[in-house]
Amino acid sequence: MTFQVGGISAHCSASVILKSVIVTAAHCMQDYGAGADRFDSHVFRPASYEGSSPYGEWTPLAAVWPNTWTKGTEVGSGSAVDNDLAVMILAKNASGQFISDLVGGHLNYGWNNYSFINSKRTGNIWTAAVTTLGYPGLLDEGAIMQRSDGPSYLTTIADAHQIYQGSTFTGGSSGGPWVVNFGYENPSFSDGSGVGHKAKANVVIGVTSWGSADPNQPKDNYSSQFTQNKRYPKADYGGFGAGNIAALLNTACSKKPRGSTQTFKQLGYCDQ
């Protein structure tokens, strides 16, 4: 996803989680505590590869992120905050298609530590196997989507709910999805085996938020958890689930396109 920062081109990563809705990081929309100053000219190019746009270019009709981000009053410290996430509703293309119709579907999303487990085998640490995707600028100059796989852990930093993973991702990967149960086909199991704990496929449980920028040091990447927290405490927001991700989706999908008497949800943009 490209955008303009004071007339200079920049890029972040994002993923499709509803019929025509993408999720990214709030810091891809504006700097923390920036008030009315926002980035502009956002364009989403799914599966972009070395400058190509195989599925076209998609522009947002609406975008929502926490007002605590805008005001600079998030729970946390430094880059580690509770709610570094944003959702955007994309316009249909010239053929009247939603983005998920064209690309063959969308990812799911989960909240409240979806797929994480805590046991003696994990040292009593909440752990999950997580796949992160994005376009880090220090790998192929951000022109090719990269993938990182590994164990990830739940933690808190100054009361901010975070997910940690070690990877080589850097700037440009911000907003890219953290996915559990990543895969493109259903596996076959032998007798006695099964899909296991919370096994819905391709579930986004966070987006890349911050980490070490030094390529010569061990890489630490963090995501704000999709979860209930002080800012978003409810267990349900308009049928979209619990916590921050659901609250933002409910707010965005309750908006109306310019000139319409119906909401984005009523018009199908937010279908599962």
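Below, the structure is looked at part by part.

Rules used throughout
- Residues numbered from 1 in each chain as written.
- Predicted model: local features only at pLDDT ≥ 70, side-chain atom pairs only at ≥ 80, totals over all residues.
- Heavy atoms only, no water.
- Pairing = 2+ DSSP bridges.
- Helix = DSSP H or I, 4+ residues; strand = E, 2+ residues; numbered from the N terminus.
- Axes fitted to C-alpha atoms, helices over the stretch in contact; angles between N-to-C directions.
- Phe/Tyr/Trp six-rings, centres within 6.5 Å; stacked < 30°, edge-to-face > 60°.
- Buried < 20%, exposed > 50% of the residue type's maximum accessible area, 1.4 Å probe, protein only.
- Contact = heavy atoms within 4.5 Å.

## Considerations on the sheet that holds strand 5 (residues 40–43)
The three strands lie next to each other as 2-1-5, forming an open sheet whose pairing is antiparallel. With partners counted over all chains shown, the strands left at the sheet margins are strand 2 (8–11) and strand 5, one partner each. Taking the axes of each pair of neighbouring strands and ignoring which way they run, one obtains an average angle of 30° across the sheet. Both strand 1 (residues 2–5) and strand 2 contribute to a ladder of four bridges, which runs antiparallel. Bridge pairing links Gln4 to Ser9 in strand 2.

## A closer look at the packing of aromatic side chains
For the structure shown, the criterion picks out eight aromatic pairs. Where Tyr164 meets Tyr222, the ring centres are 5.3 Å apart and the plane angle is 50°; that geometry is what we call tilted. Residue Tyr164 is located in strand 13 (residues 160–165), and its partner Tyr222 is located in strand 16 (residues 221–224); the two are separated by 58 residues in the primary sequence. Looking at Tyr222, the relative accessible area reads 14%, which means it is buried. Here the aromatic rings of Trp210 and Tyr222 are separated by 4.2 Å at their centres, their planes lie at 5°, and the arrangement is stacked. Placement of Trp210 in strand 15 (residues 203–211) and of Tyr222 in strand 16 is noted, with a sequence separation of 12 residues between them.

## Things to note about the environment of Ile205
Tracing the backbone through its elements, the reader meets Ile205 in strand 15. Exposure remark for Ile205: the relative accessible area of 4% places this residue in the buried category. For the pair Ile205 and Ser224, spaced 19 residues apart in sequence, the C-alpha to C-alpha distance is 9.0 Å. Ile205 has contacts with Gly110, Tyr114, Phe116, Ile163, Trp178, Val180, Ser224, Gln225 and Phe226, leaving out every residue within four places of it along the chain.

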